[in-house]
Amino acid sequence: MVTIVGGGIAGTVLAGALARAGQSVTVYEQRPNVRGDAFLFLDGRAHKTLTAMGVPADRLERASYPLHGFRIGSAADRIDETPADGDRLYHRTDLMRVLTEFADTAKTDIRYGTPISDLNPYTGVLYPGGDSAELIIAADGIDSIARIRLEPTRVTEYAGQVVLYATAAPGTRPNTAASVLHVHHQTQDSPATFGHFWNEHVAVWFVRLSRPPIPVGYTGFHPLARWIEPIRTALPAIPYLLDFLLEHTAMAHVSNARTVPLAGALPPRLPVILCGDADHVFTRGTGARDAIEDAAALYQALVAGQDPAEAMARRRAELLAEDD
Ligand SMILES: Cc1cc2nc3c(=O)[nH]c(=O)nc-3n(C[C@H](O)[C@H](O)[C@H](O)COP(=O)(O)OP(=O)(O)OC[C@H]3O[C@@H](n4cnc5c(N)ncnc54)[C@H](O)[C@@H]3O)c2cc1C
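Residues numbered from 1 in each chain as written. Predicted model: local features only at pLDDT ≥ 70, side-chain atom pairs only at ≥ 80, totals over all residues. Heavy atoms only, no water.

1. Quick notes on the overall build of the protein
Thought 1: Counting secondary structure elements, the protein contains 9 helices and 19 strands.
Thought 2: Since a compact globule built from 324 residues should have a radius of gyration of about 20 Å, the 20 Å found for the protein is in line with a globular shape.
Thought 3: Dimensions of the protein, computed from the C-alpha atoms along their principal axes, are close to 60 × 40 × 35 Å.
Thought 4: Looking at the protein as a whole, 52% of its 324 residues are labelled buried. (Helix = DSSP H or I, 4+ residues; strand = E, 2+ residues; numbered from the N terminus. Rg over C-alpha atoms; globule rule 2.2 N^0.38 Å. Buried < 20%, exposed > 50% of the residue type's maximum accessible area, 1.4 Å probe, protein only.)

2. Re the pairing of strand 15 (residues 192-198)
Thought 1: Along strand 15, 7 of the 7 residues are buried, which leaves the element largely enclosed by surrounding structure.
Thought 2: Going residue by residue along strand 15, you find A192, F194, H196 and W198 tucked away on one face and T193, G195 and F197 tucked away on the opposite face as well.
Thought 3: As judged from the 5 bridges shared by strand 14 (residues 180-186) and strand 15, these two strands associate in the antiparallel manner. By the bridge assignment, Q186 is partnered in strand 15 with A192. (Pairing = 2+ DSSP bridges.)

3. With respect to the packing of helix 1 (residues 9-20) against helix 4 (residues 92-105)
Thought 1: Viewed as axis vectors pointing N to C, helix 1 and helix 4 meet at an angle of 20°, and their least axial separation amounts to 8 Å. When the axes of helix 1 and helix 4 are compared, the pair comes out roughly parallel. When you trace helix 1 past helix 4, the crossing you get is left-handed. Between helix 1 and helix 4, the residues in contact are I9, T12, V13, G16, A17 and R20 and R92, L95, M96, L99, T100, F102 and A103, respectively.
Thought 2: Of the residues in the contact of helix 1 with helix 4, the class split is 8 nonpolar, 3 polar and 2 charged. (Axes fitted to C-alpha atoms, helices over the stretch in contact; angles between N-to-C directions. Parallel < 35°, antiparallel > 145°, perpendicular 65-115°, else oblique. Left-handed = near helix turned anticlockwise from the far one by under 90°. Contact = heavy atoms within 4.5 Å. Nonpolar A, V, L, I, M, F, W, Y, C, P; charged D, E, K, R; others polar.)

4. Focus: the domain arrangement of the protein
Size of an interface, as often reported, equals the accessible area lost when the parts are brought together.
Thought 1: By the assigned domains, the protein splits into domain 1 (2-63 + 92-156 + 260-323) and domain 2 (158-259).
Thought 2: Domain 1 and domain 2 are separated by 29 Å when their C-alpha centres are compared.
Thought 3: If you look at the interface, domain 1 gives 13 residues, while domain 2 gives 13 residues.
Thought 4: Here domain 1 packs against domain 2, burying approximately 1,000 Å² in sum over the two surfaces, 69% of which is carbon and sulfur.
Thought 5: Looking only at domain 1, the three residues that lose the most surface to domain 2 are F39, F41 and T283, adding up to 53% of its buried area.
Thought 6: Our count for the contact surface shared by domain 1 and domain 2 stands at 1 salt bridge.
Thought 7: The salt bridge partner of D143 is R258, with a shortest N-O separation of 2.9 Å.
Thought 8: The residue makeup of the side of domain 1 that touches domain 2, split by class, is 9 nonpolar, 2 polar and 2 charged. (Domains from an automatic or database assignment. Buried area = accessible area lost by both parts, 1.4 Å probe. Salt bridge = Lys/Arg side-chain N within 4 Å of Asp/Glu carboxyl O.)

5. Re the sheet that holds strand 10 (residues 125-127)
Thought 1: Pairing is antiparallel across the open sheet formed by 3 strands, whose spatial order is 9-10-11. Because the sheet does not close on itself, it has two edges, and the strands there are strand 9 (118-120) and strand 11 (131-132).
Thought 2: Note that strand 9 and strand 10 share 3 bridges and pair antiparallel. Among the inter-strand pairings, N120 is bridged to a residue of strand 10, identified as V125.

6. Concerning the site of the ligand
Thought 1: Around the ligand, the structure places 28 residues, and the nearest of them are A10, E29, F41, R92 and D277.
Thought 2: Between the ligand and F41, the relevant distance is 2.8 Å, taken from an oxygen atom to a main-chain nitrogen or oxygen of the residue.
Thought 3: Mapped by element, the contributors of at least two residues to the shell around the ligand are helix 1, strand 3 (39-42) and helix 8 (287-303).
Thought 4: Here the shell around the ligand gets 4 residues from one element, more than from any other, and that element is helix 8.
Thought 5: Split by residue class, the shell around the ligand holds 13 nonpolar, 9 polar and 6 charged. (Near = heavy atom within 4 Å. Polar contact = N/O pair within 3.5 Å; in protein donor to acceptor, adjacent residues only side chain to side chain.)

7. So, the sheet that holds strand 17 (residues 220-223)
As a general point, the strands of a sheet are linked pairwise by backbone hydrogen bonds and lie either parallel or antiparallel.
Thought 1: Overall, mixed pairing links the 8 strands, which are arranged 6-5-14-15-16-13-18-17 in an open sheet. In this open sheet, the two edge strands, each paired with only one partner strand, are strand 6 (79-83) and strand 17. Each strand axis lies, on average, 20° off the axis of its neighbour in the sheet, ignoring direction.
Thought 2: Taken together, the 6 bridges between strand 5 (residues 69-74) and strand 14 define a ladder with parallel strand orientation. Residue pairing across strands places G73 opposite H184, the latter belonging to strand 14.
Thought 3: With respect to the sheet, helix 7 (residues 239-247) is in contact with strand 15 and strand 16 (203-210), its orientation differing from that of strand 15 by roughly 65°.

Have a look at this one:
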């Protein structure tokens, strides 16, 4: 019997794969359903892992948009163009719908609207309720209650940038190549990054601004107006493109980029194993893929009757090696 705290990307796909393999799984998810207005990119590696766990490839394809390539430039006019390798853009809600259908088909017991308020990492007792679980996979995201209880000193750190994510009005078509992720790095005293992607259905963009963090109460969706000048000032080299996309956008999702350091982490040990953002967050922009690969490593260990703590220790070593 496996108990999963958090029915986000990692928790849902792990639950579905384990249930499909005949294991009994219960997921506690605090939100009434898992949706999100932001978007994210998954690469070919993430898709290979999802389909290896049993998520139908055709459902993933129908829920997302393919990338043809990447065009990465800087103010120094150096531009690198590379073809995509199975990368796709998702609205978070669409990805979660596919993963939830996968878990539902396997008859996973996902209890939405059920926050875990606390847990004892040594006995596996969960609150509210006070029931104890033999094995808890804590896939409860960056502010994980399980990590706080297990490793109170391994806290989130501000990564130095405020991030804005936005979807432009339908029909927005900048004069750049379609289906390409265009990224512009501004390398000045206060570095900034601007990225955008568009096709006949959608136009999305993001900005990373180096600056002090915004107050926690201000994170989330907000009118774009107050951010227009800071964005223009930080990214002076692409005025036409910026203005075009900003003019066609009403709201943006604003957040502080944060990390969860792995250095100095206590070794994973039963009965509570951290997974995904609950365990580690890097700045490289592949957090969802990392979470999916954690889920796959735990899935493989559990169906083979192996120790999930050892599987997660190996995963951490891989992640740290990739981050070098
Ligand atoms: C703006 C933004 C853009 C991003 N873009 C990308 C991208 O393009 N590509 C990429 O690979 N990654 C991206 N990421 C990172 C990616 O979203 C995360 O790494 C990924 O969602 C981690 O998955 P997870 O399952 O570990 O955690 P989450 O997806 O955060 O899921 C955690 C779940 O646990 C639930 N939960 C939390 N606490 C409790 C509790 N106490 N009880 C019950 N349930 C609880 C939450 O409600 C949530 O559903 C982005 C992140 C942000 C913020």
